[in-house]
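Single-letter residue listing:
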2 protein chains.
Amino acid sequence: MAVPTAALTEDNEDDIGELADIIGFHIRLAHVAVYRHFTETFADLDLTQKQVSVLWLVDDHPAISQIDVGRRLQMDRATTMTIVNRLQDRDYLRRERSESDGRKQALHLTDEGRAALARAKTAIAEHEAWLKSRFSAEEAEKLVEMLARIHE
Amino acid sequence: MAVPTAALTEDNEDDIGELADIIGFHIRLAHVAVYRHFTETFADLDLTQKQVSVLWLVDDHPAISQIDVGRRLQMDRATTMTIVNRLQDRDYLRRERSESDGRKQALHLTDEGRAALARAKTAIAEHEAWLKSRFSAEEAEKLVEMLARIHE
DNA sequence: TATTGTTATACTCTATAACTATA
DNA sequence: TATAGTTATAGAGTATAACAATA
C-alpha cells in the first residue's frame, strides 16, 4: 500500500494522537458532549443537570438533608448550598428545620418545583433517547455498569 | 413477600433512586470522580486535565492554531484563549504569528512546557492505572469505544 | 468534639457578544 | 463576507476556610 491506514488517520483534522488512548480523556469529552446536548436542546427548561438531579432526589426523599443530598450526588457541603440556594430563590424548594435533628435542614419541593421536575423528566427522557440511540440494550447496561465502577 | 428486593435497596444511604437509570447521570458522576482523583493525587503538578490536553496536543502538532486546538478538544475559541493564556503566563508555550495565514497563531511548547508535559504524562500513567484497575483489557477497550460514540 | 449549615472567597470551565486584523 | 484571535463579561460547578448552632 502506498498510504498505510495509520497515516490516513494521523493527519485527520480531528486527530488527537496518543490522547485517544486515555480513558479519562474520553470520559471528559463524553461528559462535555452530553452536557452540551442537554443545555442546548433544553435551554427553555432553564435548569442544569445538577439542579434537576437535586430536585429529583428531594422528590424521591422528602425531608432529605443538604448533607445527604451532597453525599448522594458526590458534592461538597458548600457546593450543595449554592445549588439549593438557586432552587430556593426560584421557589422550587423550601428549607425546613428538621424535627429530629436541629442541625439539619429538611428539604421539600414546592408545587412549582414538582411541576419543573415533571417538565425536566420529559426532557431527560428525550435526552436519554438521543444518548441511547448509539447503543444496544446490552451495551447501554454494560456502559452504566462500567461507569458505576468508576464513581462508586 | 414481606419485603421486596427493591425496598431493601430503596432506603440505602447512597440510593439515588430512578436517577440510577440515566446514562448521562453516570457519565457526570464518573467524570467528577475522575477529575477529583486527578486533581487530588497530582496537586503538585499544578496542571488541570484540560491544560495537560492542550500541552499534549501542541507537542503532537507543533505550530497548531488555537482554533484547531479548540476544535479537537471541543472547546469554544474564547475557552481555548483562557487556557492558552494561562499556559503562556507560565511560559509553557508561546504564540507565533502563522506564516501561512496571518489570522492564525502558531502554538509551540517551550522547554519548560515540554518538561511539564513529561511530568504530566508520568502522572497520567499512574492515573490511568488507577482507572484501568477496574476493567479487563477488553472492557477498557469497549468503554473507550462506547464513550467515543458519544463524543464523536 | 463532631456534624450541619452558612458565608465569603476563589478558581476553572464554559459560553456569548463585540471588536480587530486578515483572508 | 468569513475566519481567527482578542477582550470583556457572566454563570455554573467546584472547593477551602472560618464561623455559628446543635448534637
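Within an unreviewed UniProt entry, the label attached to chain A reads MarR family transcriptional regulator, and the organism entered is Croceibacterium salegens.

Even after reading the chapter, I still don't get the interface of chain A and chain B, so can you show me in this structure?
By convention, interface size is frequently given as the accessible area that disappears when the constituent parts associate. Each side of the interface is counted separately: chain A has 55 residues, and chain B has 55 residues. Taken over both partners, the interface formed by chain A and chain B buries close to 5400 Å², and the fraction arising from carbon and sulfur atoms is 63%. Contact with chain B buries area across many residues of chain A, yet Ile23, Arg28 and Ile150 of chain A alone supply 12% of it, more than any other trio. Inspection of the chain A/chain B interface yields 6 salt bridges. The salt bridge partner of Glu18 of chain A is Lys121 of chain B, with a shortest N-O separation of 3.6 Å. The interface formed by chain A and chain B contains 20 residue pairs in polar contact (both at pLDDT 80 or more). Considering each element in turn, the side of chain A that touches chain B owes the most residues, 13 residues, to helix 2 (residues 23–41) of chain A. Residue composition of the side of chain A that touches chain B, by class: 25 nonpolar, 10 polar and 20 charged.

Which parts of the structure should I look at to understand the protein's contact with DNA strand D?
Near DNA strand D you find 24 residues, and of these Thr48 of chain A together with Arg36, Ile67, Arg77 and Gln105 of chain B are the closest. Among the atoms of DNA strand D lying within 4 Å of the protein, the sugar-phosphate backbone contributes 67%. Within the side chain of Arg36 of chain B, an N or O atom sits 2.7 Å from a phosphate oxygen of DNA strand D. Every element with two or more residues in the surface near DNA strand D is listed here: helix 5 (77–89) of chain A together with helix 2 (23–41), helix 4 (66–72) and helix 5 (77–89) of chain B. In terms of residue class, the surface near DNA strand D is built from 7 nonpolar, 7 polar and 10 charged.

Would you mind going over the relation of the copies chain A and chain B with me for this structure?
Here the two chain copies are tied together by a rotation about an axis and a shift along that axis. Taken as rigid bodies, chain A and chain B are interconverted by a rotation of 180° and an axial shift of 0.0 Å, the fit giving an RMSD of 0.1 Å. In symmetry terms, the pair is related by a two-fold rotation axis. A shared binding surface is used by both copies, with 100% of the interface residues of chain A retained as interface residues in chain B.

Help me understand the protein's contact with DNA strand C, please; the structure alone is not making it clear to me.
Around DNA strand C, 24 residues are found, and the nearest of them are Arg36, Ile67, Arg77 and Gln105 of chain A together with Thr48 of chain B. Near-protein atoms of DNA strand C (within 4 Å) split between backbone and bases, with sugar and phosphate holding 66%. The separation between a phosphate oxygen of DNA strand C and a polar side-chain atom of Gln105 of chain A is 2.6 Å. Between DNA strand C and the protein, one listed contact pairs a phosphate oxygen with a side-chain N or O atom of Arg86 of chain B at 2.8 Å. Of all elements in the fold, only helix 2, helix 4 (66–72) and helix 5 of chain A together with helix 5 of chain B reach the threshold of two or more residues within the surface near DNA strand C. Top contributing element to the surface near DNA strand C by residue count: helix 5 of chain B, with 5 residues. Of the residues in the surface near DNA strand C, the class split is 7 nonpolar, 7 polar and 10 charged.

Help me understand the pattern of salt bridges, please; the structure alone is not making it clear to me.
Working definition: two side chains of opposite charge can pair if their charged atoms are close together. In total, this model carries 20 salt bridges over all chains according to the counting rule given. The salt bridge partner of Asp111 of chain A is Arg114 of chain A, with a shortest N-O separation of 3.0 Å. Taken together, the positions of Asp111 of chain A and Arg114 of chain A, both in helix 6 (residues 111–132) and 3 residues apart, correspond to about one turn of that helix. Glu139 of chain A serves as the salt-bridge partner of Lys142 of chain B, at 2.9 Å between the closest nitrogen and oxygen. Taken together, the residues Lys142 of chain B in helix 7 (residues 137–151) and Glu139 of chain A in helix 7 (residues 137–151) connect one chain to another. A single network of salt bridges, built from pairs that share partners, joins Glu139 of chain A together with Lys142, Glu145 and Arg149 of chain B.

Looking at this structure, how should I read the packing of helix 7 of chain A against helix 2 of chain B?
The axes of two packed helices give the description: the angle between them and the distance between them. Relative to each other, helix 7 of chain A and helix 2 of chain B sit at 30°, their axes nearing to 8 Å. The orientation of helix 7 of chain A relative to helix 2 of chain B falls into the category roughly parallel. Here the hand of the crossing between helix 7 of chain A and helix 2 of chain B comes out left-handed. The residues of helix 2 of chain B that touch helix 7 of chain A, namely those facing Ala140, Leu143, Val144, Leu147, Ala148, Ile150 and His151 of chain A, are Ile23, His26, Ile27, Leu29, Ala30, Ala33 and Val34 of chain B. Among the residues making up the contact of helix 7 of chain A with helix 2 of chain B, the classes are represented as 12 nonpolar, 2 polar and no charged.

Hey, could you run me through helix 2 of chain B in this one?
One full turn of an α-helix is made of 3.6 residues, so residues set three or four places apart face in the same direction. Between its first and last C-alpha atoms helix 2 of chain B spans 27 Å; for 19 residues at 1.5 Å apiece the expected length is 27 Å, and the two agree. Within helix 2 of chain B, 14 of the 19 residues are buried, which leaves the element mostly enclosed by the surrounding structure.

Here is what the cut-offs are and how they apply
Residues numbered from 1 in each chain as written. Chains lettered and ligands numbered in written order. Predicted model: local features only at pLDDT ≥ 70, side-chain atom pairs only at ≥ 80, totals over all residues. Heavy atoms only, no water. Contact = heavy atoms within 4.5 Å. Buried area = accessible area lost by both parts, 1.4 Å probe. Salt bridge = Lys/Arg side-chain N within 4 Å of Asp/Glu carboxyl O. Polar contact = N/O pair within 3.5 Å; in protein donor to acceptor, adjacent residues only side chain to side chain. Helix = DSSP H or I, 4+ residues; strand = E, 2+ residues; numbered from the N terminus. Nonpolar A, V, L, I, M, F, W, Y, C, P; charged D, E, K, R; others polar. Near = heavy atom within 4 Å. Least-squares fit on C-alpha atoms with pLDDT ≥ 70 in both. Axes fitted to C-alpha atoms, helices over the stretch in contact; angles between N-to-C directions. Parallel < 35°, antiparallel > 145°, perpendicular 65-115°, else oblique. Left-handed = near helix turned anticlockwise from the far one by under 90°. Expected span 1.5 Å × (residues − 1). Buried < 20%, exposed > 50% of the residue type's maximum accessible area, 1.4 Å probe, protein only.

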